[in-house]
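Chain by chain, the residues:
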Amino acid sequence: MKRIAALIGRTAVSCWHHGSPHFPPLPAWTPGPPYTCPQIRHLAAKQNKGQFKGQKIKSKPVKLEKQQKQEVEIKQRMTVSELAKAMNKDIDHVYEALLNTDVILDEMEPDTMLEEKWIKEAVKRSGMKHKWAKLVETKVRENKDIQRQPPPDPAQLVPRAPVVTIMGHVDHGKTTLLDSLRKSQIAAQEAGGITQHIGAFRVELPSGEKITFLDTPGHAAFSAMRARGAMVTDIVILVVAADDGVMNQTTESIQHAKKAKVPIIVAVNKCDKPQADPQRVKEELVGHDVVCEEFGGEIQAIHVSALKGDNLLELAEATVTLAEVLELKGDPTGLVEGTVIESRSDKGKGPVTTAIIQRGTLRKGCTLVAGKCWAKVRFMFDEYDQTVSEAGPSIPVEIVGWKDLPSAGEEILEVESEQRAREVVEWRSYMEEQDKMKEDLQAIEAKQKQHQESYKKDRESMAHLSWRQRRAALYRANKHKLSHRLSEKTETEELTLPIIVKGDVDGSVEAILNILESYDADDQCELDVVHFGVGDISERDITLAETFSGEASVLATFDVTIGKKKIPVAGCRVQKGQLDKKMKFRLIRGRNILWEGSVTTLKHLKDDVLTVKTGMECGLSLDNEELEYKPGDEIICYSESEIKQKISWDPGF
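Just so it is clear, the structure is predicted and the values come from calculations on it, not from any experiment.

Let's talk about the overall build of the chain
Move 1: Check the secondary structure of the chain and you find 13 helices and 33 strands.
Move 2: Accessible surface computed for the chain: about 39300 Å², of which carbon and sulfur atoms make up 50%.

If you want it as structure tokens, here you go:
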């Protein structure tokens, strides 16, 4: 054994004493050169193996505890917020974990669905490990939907009144024509002289025959409503002004009628005017394959004056004659079938629908389903707001008793009980969710595929670079994403026009939304439909219109001490849009505006931030320290600007 062992770190030091019975004796000390001092060296001996003169030196093994990784329970498909919750992290952590991957972070939201590989990647980059959630065996849900009944027995069919739709261009006299037929003053109530929604009316002629009329708008925005009217009708009366001729909505009405395979009667209106030219109108119609009888066709053309009432009886008789040729019949027995013509919210009656009954007889107490809504019929009214006890085929009726407001155009079917109605509505809602999920996944996969192809091209363009150069290039490309928290949106100079659509009836709202979908000038100014619905304009709508940008709810309140001052702070969650510290703020409790001003502090977690977007929590304090927040208060931010802007979009009217 060597007398001198290697010195290892700062391990324990053993002192060797001269003459110790446990160690061999040291050699005699020899005096050194003059003026030197004696030195004693303290040595450390290796203890990992070996022994000294039969003595065993025991050492306890040192166990290094391996750090346990956090387990994250994952599923095959998870949203960003679901993954963040499973990891016990905030959403920003997930965003940051997916930096420099193929994921499009700029388009990612809390409800964005992540693929399995990105879920695993985020967990791995977070220093965690994943485990699969226990699979819950899901049974295939039984189809609880309801369908129309088989065709009725011909022996049960009885004659029914024709359902006639009035169509034509705006201001060609459709409402005036109906006005004269049913001796009412609906035209005087129309906003701006334009019919705002479909009205269903029943007219009894002097001869005793009855006709059900549907009045559809001629305005370009209401194309969908004209199409819906054509699908539930037997005959179309096409109104064309003799002094104006064939116009855009005239052509469109012809197309709707042909698509629905519905016969047409032409009413050449305003023939009492000096500049009227009925012959020119009929010649123009030939160019649209509407050939009148005098040109060898089968279509009747009646010259009328809706304002003076000229030839209206002749028009009604032509309608009845055509209905006799069509041999229109209906089945008044069995379960009720019909179509929602219009729906609205009435202050006294609640959700109300105007419907055309197509089969069966509707009575008080019937249980109906339309789309994802159901009703227990409480009351029924005719077009004159008089209660009726029953309504059979071809009869228009207002139905009261809906739990929710169904959309215009929905099919009405009767079911045997309220429980059955709930089953149908639940099933339809479930199927709609499934279809939406499939569409979302397809859109996500298509977007990711597009991004991967772009990413691959970028990598190929850097193939000649070394790995250091590639890394530097990628860092420069993604540097802007690291400069701010990903839960915040960077300020942009893009112009946005927020829009709130409210209508008296569902069909009007639907038609306006359809025309807004044709908007094609986003590069000049982006349209943002903030809210839409049926009913009167309320204070909340006005407030929402003014404060479109953000909206947050107060969850909790607390005080922060700064110096000798206590500053009240509201803990909030952003419900929609984003909070921007640079904008103006408003505190609302119920319907009362308590305060307007600016924010002094806006924090996300412990960081001072400029913006906080939907789904994130934040703490904020306002410039009025005397304010007292309460859970449930709403804090909204907004900006005020008045800039005249012209765009290239042509809505068609």
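Observations regarding the state of the cysteines
Move 1: This model, assessed by the stated rule, comprises zero disulfides.
Move 2: Sulfur of C618: no disulfide; nearest cysteine sulfur belongs to C572 and is 5.1 Å away.
Move 3: Among the residues examined, C618 registers a relative accessible area of 7% and is labelled buried.

Considering the pairing of strand β19 (residues 373-381)
Move 1: Two strands pair when backbone bridges link them, and strand β18 (residues 367-370) and β19 are joined in this way by four bridges, in the antiparallel orientation. Residue pairing for β19: T367 is matched across the bridge by K376.
Move 2: Where β18 hands over to β19, the hairpin turn is made up of two residues, of which G371 adopts a positive phi near 65 degrees.
Move 3: Note: β19 against strand β21 (residues 396-402), four bridges, orientation antiparallel. Note that in β21 the partner of M380 across the bridge is I399.

Points about the side chain of D580
Move 1: Mapped onto the secondary structure, D580 falls in strand β26 (residues 565-580).
Move 2: Nearest to the buried, unbridged D580 among oppositely charged side chains is K582, at 6.0 Å.
Move 3: Here the side chain of D580 touches K582 through a polar contact of 3.0 Å, landing on its backbone nitrogen.
Move 4: Among all residues touching D580, those that are not within four sequence positions of it are F585, L610, T611 and C637.

Re a negative patch on the surface
Move 1: Negative charge collects at one region of the surface, where D520, D522, D523, E526, D528 and D650 lie side by side.
Move 2: Locating E526 in the fold gives a position in strand β24 (residues 526-534).

So, the packing of aromatic side chains
Move 1: Summed over the entire model, instances satisfying the criterion amount to two aromatic pairs.
Move 2: A ring pair is formed by F379 and F381, whose centres lie 6.4 Å apart and whose planes are at 40 degrees; its orientation type is tilted.
Move 3: With relative accessibility at 39%, the residue F379 sits in the partly exposed group.
Move 4: When its relative accessible area of 11% is taken as the criterion, F381 is described as buried.
Move 5: Their ring planes at 45 degrees and their centres at 5.8 Å tell us that W427 and Y430 sit as a pair that is tilted. One end of the pair is W427 and the other is Y430, both in helix α10 (residues 418-461) and three residues apart, which spans about a single turn.
Move 6: Relative accessible area serves as the criterion here: at 24%, Y430 is assigned to the partly exposed category.
Move 7: For K349, the ring lying beneath its charged end belongs to F381, and the centroid distance is 4.0 Å.
Move 8: For the cation-ring pair, R586 lies above Y638, with the distance from its terminal atom to the ring centre recorded as 4.7 Å.

Examining unusual backbone geometry
It is generally the case that most residues other than glycine have a negative phi and that most peptide bonds are trans.
Move 1: Even without being a glycine, D289 presents a positive backbone phi close to 60 degrees.
Move 2: Considering the arrangement of structural elements, one finds D289 in the loop between α8 (278-286) and β13 (301-303).
Move 3: The class of D289 is exposed, set by a relative accessible area of 55%.
Move 4: In this structure, N311 is a non-glycine residue whose phi angle is positive, near 65 degrees.
Move 5: Structurally, the position occupied by N311 is in the loop between β13 and α9 (312-326).

A look at a nonpolar patch on the surface
Move 1: On the surface, a nonpolar cluster with roughly 270 Å² of combined accessible area is contributed by F558, V560 and I562.
Move 2: Position of V560 relative to the elements: it lies in strand β25 (residues 550-562).
Move 3: With a relative accessible area of 34%, V560 lands in the partly exposed category.

Things to note about the pairing of strand β15 (residues 337-346)
Move 1: Most of β15 is tucked away, with seven of its 10 residues classed as buried.
Move 2: Linking β15 to strand β16 (residues 350-359), which pair antiparallel, is a turn of three residues.

A word on the confidence of the model for the chain
Move 1: Taken as a whole, the chain shows an average pLDDT of 77; of its residues, 76% reach a score of 70 or greater.
Move 2: Contacts of residues 1-54 to residues separated by more than four positions or lying in other chains number 26 contacts, the stretch itself having pLDDT below 50.
Move 3: Low confidence marks residues 482-493, where pLDDT is under 50. Its contacts with residues over four positions away, or in another chain, come to 30 contacts.

Digging into the pattern of salt bridges
Move 1: Throughout the structure, instances matching the rule amount to 31 salt bridges.
Move 2: Among the salt bridges present, the one from R428 reaches D145, with a minimum N-O distance of 2.8 Å. You can see R428 sitting in helix α10 and its partner D145 sitting in the loop between β6 (129-132) and β7 (158-159), a full 283 residues away along the chain.
Move 3: Given the relative accessible area of 16%, R428 is considered buried.
Move 4: Among the salt bridges present, the one from E294 reaches K282, with a minimum N-O distance of 2.3 Å. Residue E294 is found in the loop between α8 and β13, and its partner K282 is found in helix α8; the two are separated by 12 residues along the sequence.
Move 5: Classification of E294 by relative accessible area gives partly exposed; the value is 47%.
Move 6: Judged by relative accessible area, K282 falls into the buried class, the value being 3%.
Move 7: One salt-bridge network, held together by shared partners, links R148, D331, E337, R359 and E411.

Side note on the sheet that holds β15
Move 1: Reading around the barrel, the six strands line up as β15-β16-β21-β19-β18-β22 and close back on themselves, with antiparallel pairing between neighbours. Going across the sheet, the axis of each strand differs from the next one's by a mean of 50 degrees, ignoring polarity.

Parameters and conventions
Residues numbered from 1 in each chain as written. Predicted model: local features only at pLDDT ≥ 70, side-chain atom pairs only at ≥ 80, totals over all residues. Heavy atoms only, no water. Helix = DSSP H or I, 4+ residues; strand = E, 2+ residues; numbered from the N terminus. Areas by Shrake-Rupley, 256 points an atom, 1.4 Å probe, with all protein chains shown as cover. Disulfide = S-S within 2.5 Å. Buried < 20%, exposed > 50% of the residue type's maximum accessible area, 1.4 Å probe, protein only. Pairing = 2+ DSSP bridges. Lys, Arg positive; Asp, Glu negative; His and termini not counted. Salt bridge = Lys/Arg side-chain N within 4 Å of Asp/Glu carboxyl O. Polar contact = N/O pair within 3.5 Å; in protein donor to acceptor, adjacent residues only side chain to side chain. Contact = heavy atoms within 4.5 Å. Patch = residues over 30% accessible without salt bridge, like charges linked within 9 Å, V, L, I, M, F, W, Y side chains within 5 Å. Charge placed at Lys NZ, Arg CZ, Asp CG, Glu CD. Phe/Tyr/Trp six-rings, centres within 6.5 Å; stacked < 30°, edge-to-face > 60°. Lys NZ or Arg CZ within 6 Å of the ring centre and 35° of its normal. pLDDT = per-residue confidence, 0-100. Axes fitted to C-alpha atoms, helices over the stretch in contact; angles between N-to-C directions.

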